[in-house]
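What follows is the residue order along each chain.
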Amino acid sequence: MRIGLFVRNFSGGGAEYVSVLLANGLVSQGHSVCFFVLESVGPNKCKLDSQIEIIELKSKRLMFCAFALRKAIKQSGIEKLISNMTHENIVSLVAIYGVKVGVIGVEHNNFLEEMRRRGLIIYQITKTLVKVLYPRLHSLVCVSEGVRSEFDRYFHGEFTNLRTIYNPIVWDGEKAPISWRNKFIVGAGRLTKQKNFKMLIQAYSILVKHYGYDGDLVILGEGSEKASLEYLASELGLQNRVFLLGYVANPYSYFLVADCFVLSSLWEGFGNVIVEALLAGCKVVSTDCKYGPSEILENGEYGSLVKKFNAEELAVAIQNELSLSRSKQALVSRGREFSTGVAVKKYIEVLGC
């Protein structure tokens, strides 16, 4: 089958990463795959299988690319299109109007939180477009059971084509563990409000000053809050112990030797990085945010979940996790349950190929 995938670009985000893994997995099963992107840029581009065609729409704005996407879809000869994220799904459905191409939409995040943060007008417009257009989806895939349940509840069961498929995550730990000057705790993700690294730095400060932790804090990722996070670390007197390293292509090198991985997010859709940490046998502490972490960690079986979103509670959870003895093999085995092979098989069922 000829299959297309649609993302804005190949940035270092989770949706882009798992789209590339899914595309590679579909190619490995003998399918012809192409990517439609607004711009063919980003660190995940180099991870694409060489057999995958990239069709660049050369558009700066998602809202203006429907015509270009429609033209590219008709020329590509695809039978199904996998679209990622709410606004991309809406554009895809507009683009394929009158074209015999089935669209599988994928919701990667907590729908309500994502819409609320965009403001009331965008929220209302998006809600209306979803109600009008989403019934035309061939299928709607949600990346966690929490996302699916919320979507179903919010739209009062209007959609009968909902399906949960956990994100594909691949072990990419062939690189040697990083050589670091000291032991350390690690966090990873975009430096945005959603990821709540401010709380992680505050919790680390408590861990150092009240519990005597003598390791560093390493944060992997780029984003708009980098300067404010560096300022916070300096204000807390931790400028020589908190390291914001930017985007790292292979975080496993850090996860393999970290004392603990911490996810401090206010909300998620799944939590890819938790699975990556488990695959490295790294201990995990996560906020019990909506949605994903509790499903991955099986309600605390494979890591610590923090119910209250404050630095004190997070610091206590990290300290407790550091004192626990966990089987690395058990953590790795849990991580392997979210393999690319499992996800690709489920997507093939949805695609009908």
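Along each chain, the written sequence defines residue order, and numbers are assigned to residues from 1. Whole-chain, interface and lining totals are the exception, using all residues; otherwise, since this is a predicted model, local features are given only for residues with pLDDT of at least 70 and side-chain atom pairs are given and counted only at 80 or more. Here the side-chain values reflect all heavy atoms present in the structure, with hydrogen atoms and water set aside.

Caption draft 1: Up close: the overall build of the protein chain. Secondary structure elements are defined from DSSP: runs of H or I of at least 4 residues count as helices, runs of E of at least 2 residues count as strands, and each element is numbered from the N terminus. From N to C terminus, the protein chain includes 14 helices and 13 strands. For the radius of gyration, the atom set is restricted to C-alpha positions; the globular benchmark scales as 2.2 Å times the number of residues to the power 0.38. Computed over its C-alpha atoms, the radius of gyration of the protein chain comes to 20 Å, within 12% of the 20 Å expected for a compact globule of 353 residues. For the protein chain, the spread of C-alpha atoms along the three principal axes comes to 65 × 45 × 35 Å. Relative accessible area decides the class of each residue, using a 1.4 Å probe on protein chains only: under 20% of the type maximum gives buried, over 50% gives exposed, and in between gives partly exposed. Split into buried and exposed, the 353 residues of the protein chain put 57% on the buried side. Any two residues whose heavy atoms approach within 4.5 Å at even a single point are treated as in contact. Sequence-distant contacts, at least 24 apart, represent 71% of the contacts inside the protein chain between residues at least 6 apart. Note on areas: these come from Shrake-Rupley sampling with a 1.4 Å probe, and a residue is covered only by the protein chains present in the view. Accessible area for the protein chain stands at about 15,200 Å²; split by element, carbon and sulfur atoms hold 51% of it. His is not counted, nor are the chain ends; Lys and Arg add positive charge and Asp and Glu add negative charge. To locate a charge, take NZ of a lysine, CZ of an arginine, CG of an aspartate or CD of a glutamate. Of note, the protein chain has its 41 positive side-chain charges centred 5 Å away from the centre of its 34 negative side-chain charges.

Caption draft 2: The arrangement of the sheet that holds strand β6 (residues 139–142) in detail. A pair of strands counts as paired when DSSP detects no fewer than two bridges linking them. Strand order in the open sheet formed by seven strands is β3-β2-β1-β4-β5-β6-β7, and the pairing between neighbours is parallel. The two strands at the open ends of the sheet, each matched to only one other strand, are β3 (53–56) and β7 (162–164). The average undirected angle you get between the axes of adjacent strands in this sheet is 25°. As paired elements, strand β1 (residues 2–7) and strand β2 (residues 32–37) share six bridges and run parallel to each other. The partner of F6 across the bridge, within β2, is F36. What counts as an axis is a line fitted to C-alpha atoms, over the stretch in contact for a helix, and the angles between N-to-C directions run from 0 to 180 degrees.

Caption draft 3: Just the packing of helix α3 (residues 86–95) against helix α5 (residues 120–133), in detail. Between α3 and α5, whose axes approach to 10 Å, the crossing angle comes to 50°. If you check the angle between α3 and α5, you find them oblique. In this structure, α3 crosses over α5, and the sense of that crossing is left-handed. Between α3 and α5, the contacting residues are T86, H87, I90, L93 and V94 on the first element and I122, T126, L129, V130 and L133 on the second. Its residues assigned to classes, the contact of α3 with α5 shows seven nonpolar, three polar and no charged. Oblique is the label for every angle not falling under 35 degrees (roughly parallel), over 145 degrees (roughly antiparallel), or within 65 to 115 degrees (roughly perpendicular). Each helix crossing is assigned a hand: it is left-handed if the near helix lies turned anticlockwise from the far helix by less than a right angle, otherwise right-handed if that turn is clockwise. Note on residue classes: Ala, Val, Leu, Ile, Met, Phe, Trp, Tyr, Cys and Pro are nonpolar, Asp, Glu, Lys and Arg are charged, and everything else, Gly too, is polar.

Nothing here speaks to function; it is geometry throughout.
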